[in-house]
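The primary structure of each chain is shown beneath.
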Amino acid sequence: KLPDFDSLPSVKDMPQGCAWGQFDRDGKKDHLGCLNYLTPAVVKEAYKECRDGVSVSLNWPIGAINTPGFARKGLVHKVLSFKEGPFSLHGFDDEVEFNTQCSSQWDSLVHFHHQPSGTGYNGCRPSVETLTQEFGKEDKDQSLPTLNHWHSRGGLVGRGVLLDYRAYAQEKGIKYNCFEDHRITIKELEDVAKHQGVEFKHGDILIVRSGFTEDLGGISAKEQEEKLGTHKAVGVEGTEQSAKWFWNHHFSAVAGDAIAFEALPPKRPDGSDGTIDELVLHQYFLSLFGLNIGELWDLKALGAKCKELGRYSFLLTSVPLNVPGGVGSPPNALAVF
Ligand code: UVW
């Protein structure tokens, strides 16, 4: 059992709540963070969630946003006909090019560092050079906490728990706009859990549905660009108190349909708006805890299935792209009931 937030040993130059070294074993520096909670015993327990034989995809199409926010590149999909190539046969190949954060995604632990020190999870200091792979070299720096390392442990398999905030808000008459900085508080998350009859277990993957991807998917490309350009969005309230709650619940990963999981823009302790480099949960989760964040997941069908079955827990599987040095990736995530 790891120490709770307030009891974590202090780490030089880092705020309270820095978990570096907590998952190191046998003198080896850890690069998987909270995924370590998913032990064989925890995964075997998670398999008990498969009782109905139904699975739901949690992946939004990669090209769902024409112009993704934060100046990211959207999908370019090129289809190649064999007829026009060296082989005269009927059939196709295709090529895709996209920013791994342009639609449903995992943020690896190197995606966002503690600011302004620039230090990542477990004290790592990646650079464009160490992350960029060269042909023929499997992985230049094996110690960096990038997503390809999930493959050596068999991807992510565990118990997923949905907190359907969107459905809860509709039921309770809580009105909000996904493109404003509506902050979902920890008290509200606890209320949703209680309302749904959910009890968290050690190593759960926590999923929060706000309705963001549904609303973004329902407007034109031009409107998407306008909304994303404001850098205002629904999400979990980003404070040290919320970070503490997440750490103390021993989640192995967190994900949601919101663009940053936490609300945008970040708020400073004095209540004024912060800038993107001041994102609170990104710094705690990715660089201090080693807790991966999933964003822009497609959760509408999951919400509907949970409501229909009357249960909000399931087996969750996810296999990111095996790109050596991969910073982000589509999650290829499934909920299995
Ligand atoms: C940033 O951190 C800028 O982006 P995201 O919310 O996609 O992780």
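Below, the structure is looked at part by part.

Calculation rules
- Residues numbered from 1 in each chain as written.
- Predicted model: local features only at pLDDT ≥ 70, side-chain atom pairs only at ≥ 80, totals over all residues.
- Heavy atoms only, no water.
- Phe/Tyr/Trp six-rings, centres within 6.5 Å; stacked < 30°, edge-to-face > 60°.
- Buried < 20%, exposed > 50% of the residue type's maximum accessible area, 1.4 Å probe, protein only.
- Helix = DSSP H or I, 4+ residues; strand = E, 2+ residues; numbered from the N terminus.
- Pairing = 2+ DSSP bridges.
- Contact = heavy atoms within 4.5 Å.
- Core = buried A, V, L, I, M, F, W, Y, C linked by side-chain atoms within 4.5 Å.
- Axes fitted to C-alpha atoms, helices over the stretch in contact; angles between N-to-C directions.
- Near = heavy atom within 4 Å.
- Polar contact = N/O pair within 3.5 Å; in protein donor to acceptor, adjacent residues only side chain to side chain.
- Areas by Shrake-Rupley, 256 points an atom, 1.4 Å probe, with all protein chains shown as cover.
- Nonpolar A, V, L, I, M, F, W, Y, C, P; charged D, E, K, R; others polar.
- Salt bridge = Lys/Arg side-chain N within 4 Å of Asp/Glu carboxyl O.
- Parallel < 35°, antiparallel > 145°, perpendicular 65-115°, else oblique.
- Left-handed = near helix turned anticlockwise from the far one by under 90°.

**Some thoughts on the packing of aromatic side chains**
Using the criterion set out here, one finds 20 aromatic pairs in the structure. An aromatic cluster is built from Phe5, Phe200, Trp245, Phe246, Trp247, Phe251, Phe261, Tyr284, Phe285 and Phe289, whose rings are joined through pairwise contacts.

**So, the pairing of strand E5 (residues 156-164)**
Most of E5 is tucked away: nine of the nine residues are buried. Bridging between E5 and strand E11 (residues 313-318) involves six bridges; their strand directions are antiparallel. Within E11, the residue paired with Leu156 across the bridge is Ser318.

**Brief notes about the environment of Pro3**
Along the chain, the position of Pro3 falls in the segment before helix H1 (40-46). Taking the C-alpha atoms as reference points, Pro3 and Ala46, 43 residues apart in sequence, are found 24 Å from one another. In contact with Pro3, other than residues within four places in its own chain, are Leu8, Pro9, Gln22 and Trp247.

**Here's the deal with the nonpolar core**
The biggest cluster of nonpolar side chains holds 88 residues, and the ones touching the most others in it are Phe212, Phe246, Trp247, Phe285 and Leu302. Looking at this core, the element that brings in the most residues is helix H8 (residues 280-289), giving seven residues. Aside from chain neighbours lying at most four places away, what touches Phe285 is Ala243, Phe246, Val254, Phe261, Gly290, Leu291 and Ile293.

**Things to note about the sheet that holds strand E9 (residues 253-256)**
Each strand in a sheet pairs with another by means of backbone hydrogen bonds, the pair being arranged parallel or else antiparallel. The strand order across the open sheet built from nine strands is E1-E13-E11-E5-E7-E9-E10-E4-E12, with neighbouring strands paired in mixed fashion. Each edge of the sheet is formed by a strand with only one pairing partner; in this case those strands are strand E1 (55-57) and strand E12 (328-329). The pairing of strand E4 (residues 105-107) with strand E10 (residues 293-295) spans three bridges and is classified as antiparallel. Opposite Asp107, over in E10, you have Ile293 as the bridge partner. On top of the sheet, H8 reaches E4, E9 and E10; it is set at about 130 degrees to E10, its chief contact.

**Focus: the site of the ligand**
Neighbouring the ligand are 13 residues; Arg72, Asp107, His111, His282 and Glu295 lie closest to it. A distance of 3.3 Å separates an oxygen atom of the ligand from a polar side-chain atom of Gln101. Interatomic distance of 2.9 Å between a side-chain N/O atom of His282 and an oxygen atom of the ligand. With the chains in place, 93% of the 260 Å² that the ligand exposes on its own is no longer accessible. Residues belonging to the shell around the ligand are distributed by class as follows: six nonpolar, four polar and three charged.

**Some thoughts on unusual backbone geometry**
Residue Pro116 is bonded to the preceding Gln115 through a cis peptide linkage, with omega at 0 degrees. Looking at where Pro116 falls in the secondary structure, it is placed in the loop between E4 and helix H2 (128-131). Cis peptide bonds are those with omega within 30 degrees of zero, and the linkage from Leu264 to Pro265 qualifies with -5 degrees. Locating Pro265 in the fold gives a position in the loop between E9 and H8. Positive phi, normally seen in glycine, also occurs at Phe261, with a value near 65 degrees. Inspection of the secondary structure puts Phe261 in the loop between E9 and H8. What makes Phe261 buried here is its relative accessible area of 3%.

**As for the pattern of salt bridges**
Summed over all chains, the structure comprises 20 salt bridges. The closest approach of N and O atoms between Arg268 and Glu278, which form a salt bridge, is 2.8 Å. Of the two residues, Arg268 is situated in the loop between E9 and H8 and Glu278 in the loop between E9 and H8; the sequence distance between them amounts to ten residues. Residue class for Arg268 comes out partly exposed when judged on its relative accessible area of 33%. Accessibility expressed as a relative area gives 26% for Glu278, which makes it partly exposed. Three or more residues joined by partner-sharing salt bridges are found here, namely Glu49, Asp52, Arg159, Asp204 and Arg311.

**With respect to the packing of helix H7 (residues 240-248) against H8**
Contact pair H7 / H8: the axes reach a minimum separation of 9 Å and the direction vectors enclose 40 degrees. Regarding the angle of H7 to H8, the classification is oblique. For the crossing formed where H7 meets H8, the hand is right-handed. Packed against H7, whose contacting residues are Glu240, Ser242, Ala243, Phe246 and Trp247, the element H8 presents Val280, Leu281, Tyr284, Phe285 and Phe289 at the interface. For the contact of H7 with H8, the per-class residue count stands at eight nonpolar, one polar and one charged.

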